[in-house]
Each structure stands twice: as C-alpha cells, then as structure tokens.
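The chain contents come next:
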Amino acid sequence: MVSIDGLLATVDFFGIRRNVRLDIVDEPVEPGDYVMNHVGFAICRIPPAEVDETLALYEHLLAAISKEDLLAADIRAEIGPAGEKKNE
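Computed from a predicted model, the values in this text were never measured in an experiment. (Residues numbered from 1 in each chain as written. Predicted model: local features only at pLDDT ≥ 70, side-chain atom pairs only at ≥ 80, totals over all residues. Heavy atoms only, no water.)

S.K.: I'd like a description of the pairing of strand 3 (residues 16–21), backed by residues and values.
M.R.: Here 6 bridges tie strand 2 (residues 8–13) to strand 3, and the two strands are oriented antiparallel to one another. Paired with Phe13 across the two strands is Ile16, which belongs to strand 3. Following strand 2, the chain reverses through 2 residues before pairing antiparallel with strand 3; Phe14 in that reversal takes a positive phi of roughly 55°. (Pairing = 2+ DSSP bridges. Helix = DSSP H or I, 4+ residues; strand = E, 2+ residues; numbered from the N terminus.)

What follows is the structure in structure tokens.
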C-alpha cells in the first residue's frame, strides 16, 4: 500500500498503481502493508510473515496458466516480465 486518504488507498500491483476502497478490510492498514484486493476493495491485510509466500504463489499461478488464457495474458501484459512495470 502506497498511501491512504480516508477509506481510499493507492496500492501498487507489480508496478501498476490503482485505488482500492478500505471499507471492508479485516483490520487497520497503513502504507507499506500488503492487502488482498477483490474488485477494487481491500478485503484483508496480509501478515508481514506471509508476504513473500503470497507473492511467490501469484508468480507460480501466473506461470502455470495457459498462454491462451485471456485473463492471464492481460495480467502478464500489465505487469511485464518478472513483475516489472510495462514500459509506456
């Protein structure tokens, strides 16, 4: 999480910044925290001890998804190789 303004937070998804709502997050959060996001809402704070494992799981899932999967292709296009931000 990059910043918080009331119930709106700016988060960084593999180099892409998006706004998410904090209305339903399971516990208080602050900049630097990692959250699970669903359709624009932070739903839970990821405990610091689980961040590396969670990020590795996403990398594994993206690598395992078929190249023909349109959702995976969209995600890969946004985050670029190795989680780096796509050049614009």
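Next comes the rest of the description.
S.K.: Can you lay out a nonpolar patch on the surface for me, pointing to particular residues and giving the numbers?
M.R.: There is a patch of nonpolar side chains on the surface, built from Ile24, Val39, Phe41 and Ile43 and spanning about 360 Å² of accessible area. Counting through the fold element by element, Ile43 comes out in strand 5 (residues 41–46). By relative accessible area, which is 34% here, Ile43 ends up partly exposed. (Patch = residues over 30% accessible without salt bridge, like charges linked within 9 Å, V, L, I, M, F, W, Y side chains within 5 Å. Areas by Shrake-Rupley, 256 points an atom, 1.4 Å probe, with all protein chains shown as cover. Salt bridge = Lys/Arg side-chain N within 4 Å of Asp/Glu carboxyl O. Buried < 20%, exposed > 50% of the residue type's maximum accessible area, 1.4 Å probe, protein only.)

S.K.: Tell me about the pattern of salt bridges, and name the residues and values.
M.R.: In total, this model carries 3 salt bridges according to the counting rule given. Salt-bridge contacts for Arg45 lead to Asp33; the nearest nitrogen and oxygen are separated by 3.3 Å. Of this pair, Arg45 sits in strand 5 while Asp33 is found in the loop between strand 3 and strand 4 (34–38), placing the two residues 12 residues apart along the sequence. A residue is classified by how much of its surface remains accessible, and Asp33, at 13% relative accessible area, is buried.

S.K.: How would you explain the pairing of strand 4 if you had to name every residue and give the values?
M.R.: Inspection of the sheet shows strand 4 paired to strand 5 by 5 bridges, in the antiparallel sense. Within strand 5, the residue paired with Tyr34 across the bridge is Ile46. What sits between strand 4 and strand 5 in their antiparallel hairpin is a turn of 2 residues, with Val39 showing a positive phi close to 45°.

S.K.: Describe in detail the side chain of Asp33, supporting the description with residues and values.
M.R.: At 2.8 Å, the side chain of Asp33 forms a polar contact with the backbone nitrogen of Glu30. There is a polar contact of 3.3 Å between the side chain of Asp33 and the side chain of Arg45. Residues contacting Asp33, with those up to four places away along its chain left out, are Met1, Pro28 and Arg45. (Polar contact = N/O pair within 3.5 Å; in protein donor to acceptor, adjacent residues only side chain to side chain. Contact = heavy atoms within 4.5 Å.)

S.K.: Describe the nonpolar core, with residues and values.
M.R.: Core analysis: the largest hydrophobic core is formed by 9 residues, namely Met1, Ala9, Val11, Val20, Leu22, Val25, Val29, Val35 and Ala42. When residues no more than four places from it in sequence are discounted, the contact partners of Val35 are Met1, Val11, Val29, Ala42, Cys44, Arg45 and Ile46. (Core = buried A, V, L, I, M, F, W, Y, C linked by side-chain atoms within 4.5 Å.)

S.K.: Go over the confidence of the model for the protein chain, please, and point to the residues and values.
M.R.: Low-confidence regions, as indicated by low pLDDT, have predicted coordinates that should not be scrutinised in detail. Per-residue confidence for the protein chain gives a mean pLDDT of 83, with 81% of residues at or over 70. Averaged pLDDT values for the elements of the protein chain fall to 68 in helix 2 (residues 70–79) and rise to 97 in strand 1 (residues 3–5). A low-confidence stretch, residues 83–88 stays under pLDDT 50, and its non-local contacts, those more than four residues away or across chains, total 10 contacts. (pLDDT = per-residue confidence, 0-100.)

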